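Next come the chains, spelled out residue by residue.
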Amino acid sequence: RCYNCLRRWEQRQQLLHHSALYESPKNGDVNANNNRIRVGGRGGNQKQKRRGRKPNKTTSVISSIAATDREAKNEILRSNSRLSLAPMMDYTDRHFRAMVRLVSSRTLLHTEMVAADDLVGDEDRGGGKTKRRDRRSVASSSPRVQELLGQSAIIREGPSVLQLGGNDASKLHTAAKIYHECSSQGKTLSLKYTSLNLNCGCPPPAVSGKKCFGAALMKDPTHVAKLVRAIHDGAEGTMPVSVKCRIGLHDADATPFSRQIYEENKSLQGEFDELRKFVETVASDGIVTDFQIHARIAVLGGTFSPADNRKIPPLRYDHVRRLAREFPELNFVLNGGIHSLAQAKAELEAAQSEGGRLAGVMVGRAFVADPWGFATADEVLYRDAVLDDNQQRPRNRREVLEAYGRHADDEERRADPTEVRRPLVAACAHLFAGEENSRKFRLELDEIVGRPEKLEREAKAQVWSLPGAATTSSSLASAFSVALSSAAMGGGWDDMQAMDEARPAWDEGQPPLSELIMDAARRHFGEGVLDRSRMDSYDKKISDEEESRRRRATGDPVLSLSAGGSSSIIGDDESEIIEKKVSGGVVDGWFKEGLN
């Protein structure tokens with residue numbers, strides 16, 4: 001039989017036995033039919049041998065194909081892990097990931113966390129009592145599913161990881177299955193990730209409190225092992241599964257957290273032993289071989305904010321390096337407190353000099369604040385400057401904006417600019433961080449963001465001023481709403497003609513977003529800035545860092561990225577933007593407190 005037939009057969013078998021997937025049966029257990037259970041893929045074949053039948057090789061064939069696919073993705077994962085973009089809520093959407101991919105072809109990208117409840121709940125709402133055979137089409141055509149899982153249709157995302165969040169095994173299984181089915185279609189949705197990841201590192205009460213997932217999962221390593229098994233099975237064994245976690249937990253509701261008391265009383269050896277037990281338990285069945293570890297404890301409960309959890313608990317890099325030495329068969333990525341490409345390189349070299357091997361480092365907010373600061377990551381960390389398909393990367397920021405502009409224009413053709421323009425523009429708002437006039441550039445981008453809403457208000461005001469305005473305005477709004485809904489639900493956002501027909505009159509004649517962004521860049525930055533190469537930018541940054549150290553030594557004032565120890569020079573008021581919300585505009589709408 002063909003491969004697709006085998007896949008469908010296996011899916012039916014999994015649905016029939018879904019209720020028993022998470023009971024962790026042992027050899028000799030009795031099922032509902034009083035038959036002895038044998039764990040493992042060979043049990044069915046051995047029973048058929050005893051009955052004198054020819055063994056059914058369907059399952060073993062499919063399992064072999066899945067294992068081959070998973071191993072190929074594992075190889076991609078290992079070869080692109082030296083620098084990772086951290087998963088951050090409200091930050092690492094598909095637009096920012098597309099921007100980072102233009103900056104670096106080898107950086108491993110992580111999505112913002114996708115809660116299993118959102119995916120599974122959306123499928124239920126979209127399908128209702130739909131028959132099981134129709135569930136795939138329902139899931140793939142849902143705009144919400146496409147919004148949660150989608151990637152750029154213009155810029156190939158390459159090595160990337162979809163992070164899932166939840167504490168219910170059956171829902172995580174279904175969420176992984178929805179992704180697997182959507183990625184298998186490849187028609188209505190641009191979707192292809194290298195790996196799946198379970199979030200065990202988010203400390204905010206919204207995640208780890210009432211919903212009891214994120215960092216709270218570290219309380220029960222056995223349950224985490226059960227969850228990763230559910231994700232693995234939901235993807236039919238075709239995807240590597242990794243875990244992102246902290247080095248430990250502290251319950252602030254029971255004992256208020258104080259950094260001084262923590263450093264004086266907390267046993268480093270005891271803390272490491274708990275972390276080692278977590279890693280051993282989660283990796284015990286061989287599904288998880290990759291861990292991304294934020295080298296701070298997570299403080300749960302109390303009044304701790306996400307920002308407090310990023311700053312107050314001290315970093316314990318030694319814990320992660322020690323894990324790398326004690327578990328050479330596993331891969332560990334260091335996260336937390338990495339502010340520059342030079343620091344990332346130094347941490348990798350430090351771990352190697354101590355006899356361990358870090359698979360890589362993970363960078364979050366520093367990547368958001370200055371993406372071009374990591375433009376030479378392929379040369380510095382990977383010693384590679386060519387994309388997988390042998391196409392040259394953008395050589396400078398002018399070419400980055402040109403390539404990203406094609407993505408932005410495509411997104412605005414597919415959706416309402418009043419809804420999608422803000423995240424599209426936010427992704428490139430800090431591409432020129434550290435350059436003169438970068439703040440003026442961001443302010444003009446803010447005006448560009450508000451332009452569609454302003455034009456829409458003006459158009460509505462003009463309609464209301466005409467005779468019969470009430471009927472006309474109502475008809476216009478209703479027609480646009482119906483057309484947009486029809487394009488979204490019926491064609492899965494691929495019906496471009498329907499979307500163009502749904503575009504209101506006020507949008508006609510407006511320049512494309514790509515042109516607006518490029519014109520703003522030309523107005524505020526000279527040709528030397530736009531055309532400066534990656535290596536020239538890197539050399540300039542090194543020179544600026546040396547100047548920064550000189551000024552600190554002489555007592556001259558100098559701006560730094562954050563209080564966390566970065567030595568990067570940045571222009572205007574960038575340091576305040578990172579730690580404070582600026583009232584209104586792109587910055588305020590995007591620089592929220594990340595959950596991870």
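Conventions adopted
Every chain's residues receive numbers from 1 upward, in the order its sequence appears when written. Local features are withheld for residues below a pLDDT of 70 in this predicted model, meaning they are given only at 70 or higher, and side-chain atom pairs are given and counted only at 80 or more; totals for whole chains, interfaces and linings count all residues. Think of the side-chain values as coming from all heavy atoms in the structure, minus any hydrogens and water. Helical segments are the DSSP runs of H or I of at least four residues, strand segments are the runs of E of at least two, and each set is numbered from the N terminus. Exposed residues in this analysis have more than 50% of their type's maximum accessible area, buried residues have under 20%, and partly exposed residues fall in between, with area computed by a 1.4 Å probe over protein chains only. By definition, residues are in contact when any of their heavy atoms lie within 4.5 Å. Confidence of the predictor at the level of single residues is captured by pLDDT, which takes values from 0 to 100. A strand pair is defined by DSSP finding two or more bridges across the two strands. Working definition: rings of Phe, Tyr and Trp (its six-membered ring) pair if their centres are within 6.5 Å, and the pair is stacked with planes under 30 degrees apart, edge-to-face with planes over 60 apart, and tilted otherwise. Convention used here: a crossover is right-handed provided that the path from the first strand, over the helix, to the second strand proceeds clockwise when the strands point away from the viewer.

**As for the overall build of the chain**
Within the chain, the secondary structure is distributed over 27 helices and 9 strands. When the 596 residues of the chain are sorted by exposure, 51% land in the buried category. Contacts in the chain between residues at least 24 apart in sequence constitute 76% of all its contacts with a sequence separation of at least 6.

**Thoughts on the confidence of the model for the chain**
Across the chain, the average pLDDT comes to 77, with 68% of residues at or above 70. Predicted confidence for residues 15-51 stays below pLDDT 50, and this span has 37 contacts to residues more than four positions away or in other chains. Confidence drops under pLDDT 50 across residues 479-502; counting only partners more than four residues distant or on other chains, this segment forms 34 contacts.

**Concerning the pairing of strand S4 (residues 160-165)**
Where burial is concerned, most of S4 is hidden: 6 out of the 6 residues are buried. Here S4 shows two buried faces, one formed by Ser160, Leu162 and Leu164 and the other by Val161, Gln163 and Gly165. Taken together, the 2 bridges between strand S2 (residues 108-110) and S4 define a ladder with parallel strand orientation. For leucine 109, the partnering residue across the bridge sits in S4 and is serine 160. In this structure, strand S3 (residues 114-115) lies alongside S4, joined through 2 bridges in parallel fashion. By the bridge assignment for S4, alanine 115 is matched with glycine 165.

**Points about the side chain of serine 242**
Here serine 242 is to be found in strand S6 (residues 241-251). Those residues in contact with serine 242 that sit more than four places away from it in its chain are Ser195, Leu196, Asn197, Leu198, Val288, Asp290 and Gln292.

**Describing unusual backbone geometry**
Of note, aspartate 90 is a non-glycine position whose phi angle comes to about 70°, a positive value. Along the chain, the position of aspartate 90 falls in the loop between strand S1 (83-85) and helix H4 (94-103). Under the relative-accessibility criterion, aspartate 90 is labelled partly exposed at 34%. Phi at asparagine 437 is positive, roughly 75°, even though this residue is not glycine.

**Here we look at the environment of phenylalanine 525**
The residue phenylalanine 525 is located in the loop between helix H23 (513-524) and helix H24 (527-530) in this model. Sequence-distant contacts of phenylalanine 525, that is, excluding residues within four places in its chain, are made with Phe432, Glu435, Glu436, Asn437, Ser438, Phe441 and Leu530.

**Overview of the packing of aromatic side chains**
Per the stated rule, a full pass over the model turns up 9 aromatic pairs. When the ring of phenylalanine 432 is compared with that of phenylalanine 441, the centres are 5.3 Å apart and the planes differ by 75°; the resulting orientation is edge-to-face. A relative accessible area of 1% means that phenylalanine 432 is categorised as buried. Residue phenylalanine 441 is classed as buried on the basis of its relative accessible area, which comes to 1%. Centroid distance phenylalanine 432 to phenylalanine 525: 4.2 Å. Interplanar angle 15°. Geometry classified as stacked. Placement of the pair is phenylalanine 432 in the loop between helix H19 (417-426) and helix H20 (438-464) and phenylalanine 525 in the loop between H23 and H24, with a sequence separation of 93 residues. An identical accessibility class is assigned to phenylalanine 432 and phenylalanine 525; each is buried.

**What to know about the pairing of strand S9 (residues 360-363)**
Of the two faces of S9, both are covered, the one formed by Gly360 and Met362 as well as the one formed by Val361 and Val363. Relative to S9, S1 runs parallel, the two being bridged by 3 bridges. By the bridge assignment, serine 84 is partnered in S9 with methionine 362. For strand S8 (residues 331-335) and S9, the ladder comprises 3 bridges, and the chain directions are parallel. Bridge assignment links asparagine 335 to a residue of S9, and that residue is methionine 362. Since S8 and S9 lie parallel, the crossover through helix H15 (residues 341-353) that links them has a hand, and here it is right-handed.

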